[in-house]
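The chain contents come next:
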Amino acid sequence: MDTTYNVKFWKTGVNVGKRKTTYTVRWELNGREHRQTFVTAALAESFRAGLVSAARKGEAFSLSTGLPVSHASQAAGVTWFDFAIQFVDQLWARTSANNWRNVAKALTPVTIAMLRSQPTAFKGVDVRRALREYAFNTLRRGQAPPEVAVILRWVERNSLTMAAWEDESTVEAVLRAAGTKLDGTPVAASTARRTKRVLNVLIEHAIKRKVLKENPLPKGKGAGAAASKTSSAVDKRSLLNKEQAAKLLGWVYARPRGGPRLHTFFAAMYYAGARPEEVVAIDVGDVRLPDVEADDQWGELLLHTAHPEVGRQWTDTGEVREQRGLKGRAADDTRTVPCRPALTRILRAHIEKEGLKPGDLLMQGEKGGDLAGSVIRRAWRRARKEVLTSYEFGTPLGRRVYDLRHTCLTNWLNAGVPPATVAEWAGNSVPVLLATYARCIDGQLDDLKQRIEGAGELPDPAAARG
């Protein structure tokens, strides 16, 4: 039962601080203390009188919120687990597969924290997998294997109601749990931010549905799981210089199996700064190359589609990659990226060797179709291990395939290309571009030093005395 009639009241407490005095109402339910603080004595006494009146009328109090049942919202009538599933289902028709996956990842640890008791008959990793891969996946929920269905039924029976969000201590406990891995270590700061972002959307949905009256999540910089600091700036140590990039791409090209094909993929990222999911989606018809004998060998790449890798279980088609428009752009929007002569030569040779024609994917796997992300990452890791020194391999230098894009955009900025132009080519806004690459821009440093010195210096005090 979530209610009790065992209520005990205390006198209103007076808290005298340096700047102001507050008043705290305290009461107990089954021996558990609840409290609420007010800025005036009148507000505190009015709230306490309402509690006492409800108790005298024989009204039950909610153990989750500490309030009389008549004071509660509709939250006590729906479990967290049921509401979370309903939230996922209403998102399904209007968001991307990548967002479905992120929402499932965010809701999984929260659901574990919203259980009346922690599972002892099941392994923690199995419970999390059941929630992430089946409960919060609209497509697969009805396909859960028997052992997973048993876990989900147990979770459903043991889920707290949404009224738990009206108890401040429960909210704090949930945020702490959501910010911790199974081994007890903190989650990445970006993961904590994503979890709180998803929770905010879910709770706003609950408010619209009149399940909750207000958003209980803490606001501000110290807000629970989101308090970890994150930086969007690129780590300068991850950028490749010309010689390092040449060695890495050269090693990939010499691979006996699929080397030239993968080399073309990495070259497109290094020279054109496109995202991996954009490169794998390029159609041969959108590669605009000049004639072989033309004096100007600059071409263009028209980007309008992306194939992010999200996993078969998250796409309607059952494919590993999802087909969608460009990131942060309207549907069917197109972005033009310059194709420098070095990339023109690589793409022309690739198209001729593979016998590709308009309508074909520029980057294909060995059996056709999209180039697999696992193949791309495996080749890049091997290239780093074979080419870089043991010290360099242990540093952030080119650790991610995405660092080729970072290197390209940094090179453009350091070459003096206006930020607005780079942002257009890269598919970013100017503020995001500058915030991401500000630490890496150094091409104009010598000129800036001369300008600073040109402003003049203070006279040398030793020379003045002489």
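In this report, the structure presented in the accompanying data block is examined. (Residues numbered from 1 in each chain as written. Predicted model: local features only at pLDDT ≥ 70, side-chain atom pairs only at ≥ 80, totals over all residues. Heavy atoms only, no water.)

Details of the side chain of Thr-436
Along the polypeptide, Thr-436 turns up in helix 16 (residues 430-437). The buried category is assigned to Thr-436, whose relative accessible area is 10%. Among the polar contacts made by the side chain of Thr-436, one reaches the main-chain carbonyl oxygen of Val-432 at a distance of 2.7 Å. Residues in contact with Thr-436, not counting those within four places in the same chain, are Ser-232, Ala-233 and Val-234. (Helix = DSSP H or I, 4+ residues; strand = E, 2+ residues; numbered from the N terminus. Buried < 20%, exposed > 50% of the residue type's maximum accessible area, 1.4 Å probe, protein only. Polar contact = N/O pair within 3.5 Å; in protein donor to acceptor, adjacent residues only side chain to side chain. Contact = heavy atoms within 4.5 Å.)

Some remarks on the pattern of salt bridges
All told, the structure shown has 14 salt bridges when counted by the stated rule. Here Arg-26 makes a salt bridge to Glu-33, at a shortest N to O gap of 3.3 Å. Using a relative accessible area of 25% as the deciding quantity, one classes Arg-26 as partly exposed. A relative accessible area of 32% places Glu-33 in the partly exposed class. Linking Glu-133 and Arg-140 is a salt bridge whose minimum nitrogen-to-oxygen distance equals 3.5 Å. For Glu-133, a relative accessible area of 12% gives the class buried. One network of salt bridges, in which partners are shared, links Arg-26, Glu-33 and Arg-35. (Salt bridge = Lys/Arg side-chain N within 4 Å of Asp/Glu carboxyl O.)

Looking at the packing of helix 8 (residues 242-253) against helix 12 (residues 373-387)
As a packed pair, helix 8 and helix 12 sit with axes 9 Å apart at the nearest point and diverge in direction by 120°. The angle between helix 8 and helix 12 places the two elements in the oblique class. Note on packing geometry: the crossing formed by helix 8 with helix 12 is right-handed. Contacts between helix 8 and helix 12 involve Lys-247, Leu-248, Leu-249, Trp-251 and Val-252 from the former and Ala-379, Trp-380, Arg-382, Ala-383, Arg-384, Glu-386 and Val-387 from the latter. A breakdown of the residues in the contact of helix 8 with helix 12 according to their chemical character gives 8 nonpolar, no polar and 4 charged. (Axes fitted to C-alpha atoms, helices over the stretch in contact; angles between N-to-C directions. Parallel < 35°, antiparallel > 145°, perpendicular 65-115°, else oblique. Left-handed = near helix turned anticlockwise from the far one by under 90°. Nonpolar A, V, L, I, M, F, W, Y, C, P; charged D, E, K, R; others polar.)

Taken by themselves, the reported measurements are silent on function.
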